[in-house]
Amino acid sequence: MMKVFEKKRINGLELANSFVRSATAEGASLPNDEVSKHHTATLAALAKGGVGLIIAGSASVSPEGGAPGIAGIYADSQIEGHRRTTDAVHAGGGKIALQIFHNGKMTSKAATGLTVLAVSKDNDMGDDVKEMDAADFKRIGEAFVQATVRAKKAGYDAVQFHVAHGYFLHQVLSPMDNRRTDEYGGTLEKRIRFIAESIAATRKAVGPDYPLLLKISSEDFIEGGVTLEDALEATKQFVAAGIDAVETSSGLAGDIARLGINSFAKEAYNRKQAAYFKENLSVPVMLVGGLRSLDVAEIMLKDGVADFISLSRPLIAEPDLINRWKSGSTEKAFCKSCNGCFKPLMTGDAVVCSVKRALEKKNGTT
Ligand SMILES: Cc1cc2nc3c(=O)[nH]c(=O)nc-3n(C[C@H](O)[C@H](O)[C@H](O)COP(=O)(O)O)c2cc1C
């Protein structure tokens, strides 16, 4: 059997194979940031399609940390909708985690109706933005704990902390965004502290057996940003605080979902970072970014680059990709890496593959 199809385990969670659906905002959340039928249907289709671990797209831990179309997990009233999704995934034989996040300064008052929270306030940020004080940190830290408690109640098999792609927890870690002079800013140690404290408090709240995952930008590729060494040191401390597995993404906006992945060399573009993390960590590592071929996925596991293969855009186009590969088709993923799937997010709409949608329209199948 290929390594990618062998059973895996994270903490107590048994998984059918090494394929992970990397957190991908589903879009189209309902009023009050509740999950929609589209959310449930998208994730249920992935379970039927054979994905070992599905990570549901980022859900905000606090109302001011969200954005239109993005689901929330900040209120008990939101649990029921999430429960419909986890029930549907479990009925399809899948396992599902919820990614939890806060936008920090990456949102607007126009989007949420609330004052935007910034780790440090830049001169050009305006009156709608507030630099966080100690009470804000306390409240948001507790929001991450309570979001995880709710996710567990809603039936999610794990939770993933989003410390990547320039959102709030990444802002706390980054010396570019975090220029504070209190206990949460300055040295690397201090920039790590809030996140490590939040993870440790979450671990305490959910007990030792509940899997806690991390997605981190392993380096920022920008002068003054988070370096590979700093991200690794931070991750070591997050693991010590209670993280069971780490997904290594990289970069800020332009680097996260690279365009035109059409060769072996372009595939698995975070492989060096993942290998470095795997070499230096005691927990499983998930490789995300540009995985498109079954043989590349297999090589990544065989070469010890990572323990899990994580995919986002290919599974938007083909929710049944993993079962297709498992049943013997070795053709690479249909995904053209054009990023047309990002467009609906700009307006809070349902995330779909624009190429597939255009083809379906042309063929009259939609
Ligand atoms: C439409 C869309 C939404 C995304 N939403 C999230 C998200 O909620 N959280 C996250 O960590 N990454 C998100 N990503 C990034 C992906 O998880 C992944 O890291 C990136 O697309 C690279 O992997 P890929 O080449 O397999 O697409 C999103 C990507 C896309 C295309």
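Above this text sits the structure in question.
Computed from a predicted model, the values in this text were never measured in an experiment.

Scoring rules and cut-offs
- Residues numbered from 1 in each chain as written.
- Predicted model: local features only at pLDDT ≥ 70, side-chain atom pairs only at ≥ 80, totals over all residues.
- Heavy atoms only, no water.
- Near = heavy atom within 4 Å.
- Polar contact = N/O pair within 3.5 Å; in protein donor to acceptor, adjacent residues only side chain to side chain.
- Areas by Shrake-Rupley, 256 points an atom, 1.4 Å probe, with all protein chains shown as cover.
- Helix = DSSP H or I, 4+ residues; strand = E, 2+ residues; numbered from the N terminus.
- Nonpolar A, V, L, I, M, F, W, Y, C, P; charged D, E, K, R; others polar.
- Phe/Tyr/Trp six-rings, centres within 6.5 Å; stacked < 30°, edge-to-face > 60°.
- Buried < 20%, exposed > 50% of the residue type's maximum accessible area, 1.4 Å probe, protein only.
- Pairing = 2+ DSSP bridges.
- Axes fitted to C-alpha atoms, helices over the stretch in contact; angles between N-to-C directions.
- Contact = heavy atoms within 4.5 Å.

A. Structural context of the site of the ligand. Near the ligand you find 25 residues, and of these A23, A25, Q99, G290 and R313 are the closest. In the model, a nitrogen atom of the ligand is placed 2.7 Å from a nitrogen or oxygen of the Q99 side chain. Relative to its unbound accessible surface of 610 Å², the ligand loses 97% to contact with the protein. Elements with a contribution of two residues or more to the shell around the ligand: strand 3 (19-24), strand 4 (53-60) and helix 11 (313-317). For the shell around the ligand, the per-class residue count stands at 12 nonpolar, 10 polar and 3 charged.

B. A look at the packing of aromatic side chains. Scanning the model with the defined rule gives 9 aromatic pairs in all. Ring centres 5.8 Å apart and planes at 20° place the aromatic pair F144 and F161 in the stacked group. Of the two residues, F144 sits in helix 4 (residues 134-153) while F161 sits in strand 8 (residues 158-163), which places them 17 residues apart along the sequence. Across the pair, F161 and F144 agree in class, each one buried. Ring centres of F168 and F194 lie 5.9 Å apart, and the angle between their planes is 70°; this geometry places the pair in the edge-to-face category. A residue pair is termed long-range when its members are at least 10 positions apart, and F168 in helix 5 (residues 168-173) and F194 in helix 6 (residues 188-206) qualify at 26 residues. Take F168 and F194: they sit in the same class, and that class is buried.

C. View of the sheet that holds strand 4. Here 8 strands make up a closed barrel; going around it, the order is 3-4-5-8-9-10-11-12 and the pairing parallel. Taken over all neighbouring pairs, the strand axes of this sheet differ in orientation by 25° on average, direction set aside. Bridge count for strand 3 against strand 4 is 3 bridges, and the pairing is parallel. Looking at strand 4, one finds that T24 is bridged to A56. Packing against the sheet, helix 1 (residues 37-48) makes contact with strand 3, strand 4 and strand 5 (96-101), and its axis sits at approximately 160° to strand 4. With respect to the sheet, helix 10 (residues 294-302) is in contact with strand 3, strand 11 (285-288) and strand 12 (308-311), its orientation differing from that of strand 12 by roughly 140°.

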